[in-house]
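# Descriptive analysis of the structure
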Amino acid sequence: MLLERLTRKKPTDDMFVGELSLRQWVKASTPYKIMEVIDGNLLKTEQGDVVAIMELGLECSRELPEERICNHQA
């Protein structure tokens, strides 16, 4: 959900077909191309803050639940 809010994309969007998922798309852009996937309204935020938030979103959305960080770690 965090990745959806930051990118304004949904996992069901047409661009996510085949092997490409929202998580994979964000992960491929982190950290060097992060500004290409961030919602334009968020670009007023410091880039370092945005990268940290995206990395948190990636940690919380790992494929296997046992690999995800706990809520108290987030």
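Residues numbered from 1 in each chain as written. Predicted model: local features only at pLDDT ≥ 70, side-chain atom pairs only at ≥ 80, totals over all residues. Heavy atoms only, no water.

## Description of the overall build of the protein chain
Counted only if it meets this: Note on conventions: DSSP H or I runs of at least 4 residues are helices, E runs of at least 2 residues are strands, and numbering of each starts at the N terminus. Only protein chains enter the area calculation, which uses a 1.4 Å probe; residues under 20% of their type maximum are buried, those over 50% are exposed, and those in between are partly exposed. Contacts were defined at the residue level, with two residues in contact if any of their heavy atoms lie within 4.5 Å. Under the convention used here, a 1.4 Å probe and the Shrake-Rupley method define accessible areas, while residue burial counts only the protein chains that appear.
Each helix and strand in the protein chain was counted, giving 3 helices and 0 strands. Order of helices (α) and strands (β) in the protein chain, N terminus to C terminus: α-α-α. Evaluated residue by residue, the protein chain yields a buried proportion of 26% over its 74 residues. Of all intrachain contacts in the protein chain linking residues separated by at least 6 positions in sequence, the fraction that spans at least 24 positions is 40%. Split by element, the accessible area of the protein chain, about 5,500 Å² in all, is 50% carbon and sulfur.

## Remarks on the side chain of serine 29
As for its position among the elements, serine 29 is in helix α2 (residues 22–29). Classification of serine 29 by relative accessible area gives buried; the value is 6%. Contact partners of serine 29, with chain neighbours within four places excluded, come to Ile34 and Val37.

## Describing the packing of aromatic side chains
Applicable threshold: Stacked, edge-to-face and tilted labels apply to pairs of Phe, Tyr and Trp rings (six-membered ring for Trp) whose centres lie within 6.5 Å, assigned for plane angles under 30 degrees, over 60, and everything in between, in that order.
As enumerated under the stated definition, the model contains 1 aromatic pair in all. Plain terms: the ring middles of phenylalanine 16 and tryptophan 25 are 5.8 Å apart, the flat faces sit at 65° to each other, and that makes the pair edge-to-face. For the residue pair phenylalanine 16 and tryptophan 25, the accessibility class agrees, reading buried in each case.

## So, the nonpolar core
The condition that has to hold: To qualify as a nonpolar core, a set must consist of buried Ala, Val, Leu, Ile, Met, Phe, Trp, Tyr and Cys residues joined through side-chain atoms within 4.5 Å.
Counting 13 residues, the largest nonpolar core has Leu3, Leu22, Trp25, Val26, Ile34 and Met54 as its most contacted members. Listed by contribution, the elements that provide at least two residues to this core are α1 (2–7), α2 and α3 (47–60). Here the element with the most residues in this core is α3; it accounts for 4 residues. Excluding residues that lie within four positions of it along the chain, valine 26 makes contacts with Leu3, Thr7, Met54 and Leu58.

## With respect to the side chain of threonine 30
Put simply, the rule is: Two N or O atoms count as a polar contact when they lie within 3.5 Å, although within protein this holds only if one can serve as hydrogen donor and the other as acceptor, and sequence-adjacent residues are included solely when both atoms are side-chain atoms.
Tracing the chain through its elements places threonine 30 in the loop between α2 and α3. Engagement of the side chain of threonine 30 in a polar contact is seen with the backbone oxygen of valine 26, the distance being 2.9 Å. Excluding residues within four positions of it along the chain, threonine 30 makes contact with Val51, Glu55 and Leu58.

## Structural notes on the environment of methionine 1
With respect to the helices and strands, the residue methionine 1 is situated in the segment before α1. In this structure methionine 1 comes out as exposed when scored by relative accessible area, which is 77%. Here the alpha-carbon distance between methionine 1 and serine 61, two residues 60 residues apart in the chain, equals 8.6 Å.

These figures come from the coordinates and say nothing about function on their own.
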